[in-house]
Amino acid sequence: MPVPAIGPSLVFYDGTCGFCHGAVQFLLSHDPSGAGFRFAPLEGTAAARMLPPELRVSRPGSIVVRTAEGSLLTRSEAVRHLGDRLGGGWRLAARALGLVPRPLADAGYDLVARVRHRLAPKPTQSCPVVPAALLARFDL
């Protein structure tokens, strides 16, 4: 169950990446109430409104998280935040990742980001590939 906070974190993801779609579906399944996360594709109007141009253009490994407090997180810092918000064993994994020096953790993130398109097939439609009932949790 996600950690209670002021509100949900907004997860910006690559809407053309199958691996990213899988990550979004994983977060949706672990946050059934919607209290922890909302979602928006990096290619969408919400990202254009809320993210600085350098994050939209560079797409730092395909994920950017805007916390409920308004901080923007990328790469391993974003992954740690998501794990912490998920709670349980995911929080423990996030805390363990926090023990890894950030440059090393970011290098691991970058490695996965470089091969992510080979890890899962490209979705047949652009973001999101989710049941209609969950579309309300997306800012397109």
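Residues numbered from 1 in each chain as written. Predicted model: local features only at pLDDT ≥ 70, side-chain atom pairs only at ≥ 80, totals over all residues. Heavy atoms only, no water.

> Report on the overall build of the protein chain, specifying residues and quantitative values.
Along the backbone of the protein chain there are six helices and four strands. When each of the 140 residues of the protein chain is scored for burial, the buried share is 43%. The contacts of the protein chain with a sequence gap of at least 6 include a subset with a gap of at least 24, amounting to 70%. Of the roughly 7300 Å² of accessible surface on the protein chain, 64% is carried by carbon and sulfur atoms. (Helix = DSSP H or I, 4+ residues; strand = E, 2+ residues; numbered from the N terminus. Buried < 20%, exposed > 50% of the residue type's maximum accessible area, 1.4 Å probe, protein only. Contact = heavy atoms within 4.5 Å. Areas by Shrake-Rupley, 256 points an atom, 1.4 Å probe, with all protein chains shown as cover.)

> Hey, could you go over the packing of aromatic side chains for me, with residue numbers and the actual values?
If you walk through the whole model with that rule in mind, you get four aromatic pairs. Where Phe 26 meets Trp 90, the ring centres are 5.1 Å apart and the plane angle is 80°; that geometry is what we call edge-to-face. Here Trp 90 lies in helix α5 (residues 88–98) and Phe 26 lies in helix α1 (residues 18–29), a separation of 64 residues in the sequence. The class for Trp 90 is partly exposed, based on a relative accessible area of 43%. Ring pairs connect the aromatic residues Tyr 13, Phe 37, Phe 39 and Phe 138, which therefore count as one cluster. (Phe/Tyr/Trp six-rings, centres within 6.5 Å; stacked < 30°, edge-to-face > 60°.)

> Tell me about the pairing of strand β2 (residues 37–41), and name the residues and values.
Within β2, four of the five residues are buried, which leaves the element mostly enclosed by the surrounding structure. Where strand β1 (residues 9–13) lies against β2, five bridges are found, and the strand directions are parallel. Residue pairing across strands places Val 11 opposite Phe 39, the latter belonging to β2. Chirality of the crossover, the property in question, places the unit of β1, α1 and β2 among those that are right-handed. (Pairing = 2+ DSSP bridges. Right-handed = clockwise from strand over helix to strand, strands pointing away.)

> Quick one: what's the story with the pairing of β1, residue by residue and with numbers?
Most of β1 sits inside the fold, with five of its five residues counted as buried. Here β1 shows two buried faces, one formed by Ser 9, Val 11 and Tyr 13 and the other by Leu 10 and Phe 12. Two elements, β1 and strand β3 (residues 63–66), share four bridges in a ladder whose sense is antiparallel. Residue Phe 12 lies in a different strand from β3, and its bridge partner there is Val 64.

> Please give an account of the sheet that holds β1 that cites residues and values.
On the basis of which strands lie adjacent, the open sheet formed by four strands has the order β2-β1-β3-β4 and mixed pairing. At either end of the open sheet lies a strand with only one pairing partner, and these are β2 and β4 (72–74). Adjacent strand axes in the sheet meet at a mean angle of 25°, parallel and antiparallel pairs treated alike. Strand direction decides the pairing type here: β3 and β4, joined by three bridges, are antiparallel. Bridging across to β4, Val 65 finds its partner in Leu 73. (Axes fitted to C-alpha atoms, helices over the stretch in contact; angles between N-to-C directions.)

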